[in-house]
Amino acid sequence: MRALVISGGGSKGAFAGGVAQYLMQELHHEYDIFVGTSTGSLMISHLALQKVQKIKEIYTSVNPRDIFSIRPFEIKKGKYGGKEIGIDHFSVLRNFLRGSKTFGESHNLRKLIRRTLTEPEFDELKASTKDVVVTVSNLSLNQVEYKSINDFSYTDFCDWIWISCNYVPFMSLVLKDGCEYADGGFGSMVPIEEALNRGATAVDVIVLETEVTYYNRLPSRNPFSLLTNMHAYMLDRVEKQNIRIGKFVAGNKDAILNFYYTPTVLTTNSLIFEKKKMAQWWESGYNYAKLKNAELNEIKAMDK
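Each residue is numbered by its place in its chain's sequence as written, counting from 1. Under the rules for a predicted model, residues below a pLDDT of 70 receive no local features and side-chain atom pairs below 80 are neither given nor counted, while totals for whole chains, interfaces and linings still include all residues. Derived side-chain values reflect all non-hydrogen atoms in the structure, with water molecules and hydrogen atoms excluded from consideration.

Trainee: A description of the overall build of the protein should follow, citing residues and the corresponding values.
Mentor: Helix and strand counts for the protein come out as eleven helices and ten strands. The atom set for the radius of gyration is the C-alpha atoms, and the globule formula is 2.2 Å times the number of residues raised to the power 0.38. Taking 304 residues into account, the globule formula puts the C-alpha radius of gyration at 19 Å, and the protein, at 19 Å, falls close to it. In terms of principal-axis extent, the alpha carbons of the protein reach across some 65 × 45 × 35 Å. Remark: exposure states derive from per-residue accessible area (1.4 Å probe, protein chains only) relative to the maximum for the residue type, with buried under 20%, exposed over 50%, and partly exposed in between. Going through the 304 residues of the protein one by one, you find that 54% of them count as buried. Here a strand is any run of E in DSSP of at least two residues, a helix any run of H or I of at least four, and the numbering for each starts at the N terminus.

Right under this line is the structure:
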């Protein structure tokens, strides 16, 4: 059984889409299992349906208004030439006055998910033999949970996809089934182990970070940039632990892991959604997968 695993990474998901497109359309990889975290969970249903062009159009046209019903930050030009986020004090204050526990809300993303993954598509996927699994963090029970399409109705599964992407405290904290849930990446950024536990013997893993750390973060400019830096640090630790565990489990199960990292640092803030850049990242992902597989083929030819 072959599995596709896509890590979390916000707007960098566009790169993962390009890699997946090459693997599916050029190498003709057919997957039995799809496991995603956060942005990965947004993609896997469409990939399982072979609707690559549809998810590409979504990822290369999305903007912050499609994600946030209340956006807690504003994007400013940074002192050192890049872009940084600053607090939108009015939006944050309004959200707190509404009784929210988070700085912002992402109900528009939930609407986008329901518009783009239709109920007939859900029924088609559920009737197939493919297992589509999204990762969520149960904050109340302090555990990671994996939600398979086979176990839920259309409405519930759309909710789990949405919950998997909710980067708290910037996005919505969701109360479901009596528990508080948030972004799956807080507990399982790269869910390789889950794919292996579901029977995968070969796994293509798309990791939306560089394999080696190439940069030092700029000093925090405000409380929001401090929070995003802290989150990035913790998620980086979770990611590396997931990969180590995945490699260990794969070794015990004689499973094959194929890793696709981003070759360069795409962005230091994956909450910023820019259409032009995301279109470029999609093409970069496709070209990177093409180049990597060409190099692997050359090595195999030399070994013979």
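Trainee: Run through empty space enclosed by the protein, naming residues and quoting values.
Mentor: The pocket and cavity definitions rest on a 1 Å grid over protein atoms only: a 1.4 Å probe that fits but cannot leave marks a cavity, an open set with protein on both sides within 12 Å along at least five of seven lines marks a pocket, and residues lining either have an atom within 4 Å of a point. Grid points are joined across faces, edges and corners, and a volume is the space filled by probe spheres set on the points. Taken as a whole, this structure holds one cavity of 30 Å³ or more when the rule is applied. Size it by volume and the largest cavity reaches roughly 50 Å³. Every residue lining the largest cavity is counted, ten residues in all, and those nearest its centre are K12, E209, V265, L266 and T267. Amino acids outside the nonpolar list (Ala, Val, Leu, Ile, Met, Phe, Trp, Tyr, Cys, Pro) and the charged list (Asp, Glu, Lys, Arg) are all regarded as polar, and Gly is one of them. Among the residues making up the lining of the largest cavity, the classes are represented as four nonpolar, four polar and two charged.

Trainee: Help me get a handle on the pairing of strand β5 (residues 131-138), residues and values and all.
Mentor: Among the eight residues that make up β5, eight are buried, leaving the element largely enclosed by the rest of the structure. Here β5 shows two buried faces, one formed by D131, V133, T135 and S137 and the other by V132, V134, V136 and N138. Pairs of strands are assigned from DSSP output, requiring at least two bridges between the strands. Sheet topology places strand β2 (residues 33-37) next to β5; five bridges connect them, and they run parallel. Bridging across to β5, I33 finds its partner in D131. Summarising the sheet, β5 and strand β6 (residues 143-148) pair through six bridges and their orientation is antiparallel. By the bridge assignment for β6, V136 is matched with E145. Once β5 ends, the chain turns through four residues before running back antiparallel as β6, passing N142 with a positive phi of about 60°. In terms of strand pairing, β5 meets strand β8 (residues 179-183) through three bridges, oriented antiparallel. Its bridge partner lying in β8, V136 is registered against D183.

Trainee: If you had to explain the environment of S220 to someone new, which residues and values would you point to?
Mentor: Mapped onto the elements of the fold, S220 is located in the loop between β9 (202-207) and α10 (223-253). Residue classification places S220 among the partly exposed positions, given a relative accessible area of 36%. When the C-alpha atoms of S220 and L97 are compared, they prove to be 27 Å apart, with 123 residues separating the residues in sequence.

Trainee: Tell me about the nonpolar core, residues and numbers included.
Mentor: Counting 90 residues, the largest nonpolar core has L47 and I206 as the members making the most contacts within it. At eight residues, helix α1 (residues 13-25) tops the list of elements feeding residues into this core. We call two residues contacting when some pair of their heavy atoms lies within 4.5 Å. With sequence-adjacent residues up to four places away left out, L47 is seen in contact with L4, I6, A20, M24, F34, V52 and I55. Nonpolar core, defined: a set of buried Ala, Val, Leu, Ile, Met, Phe, Trp, Tyr and Cys residues in which side-chain atoms within 4.5 Å join the residues together.

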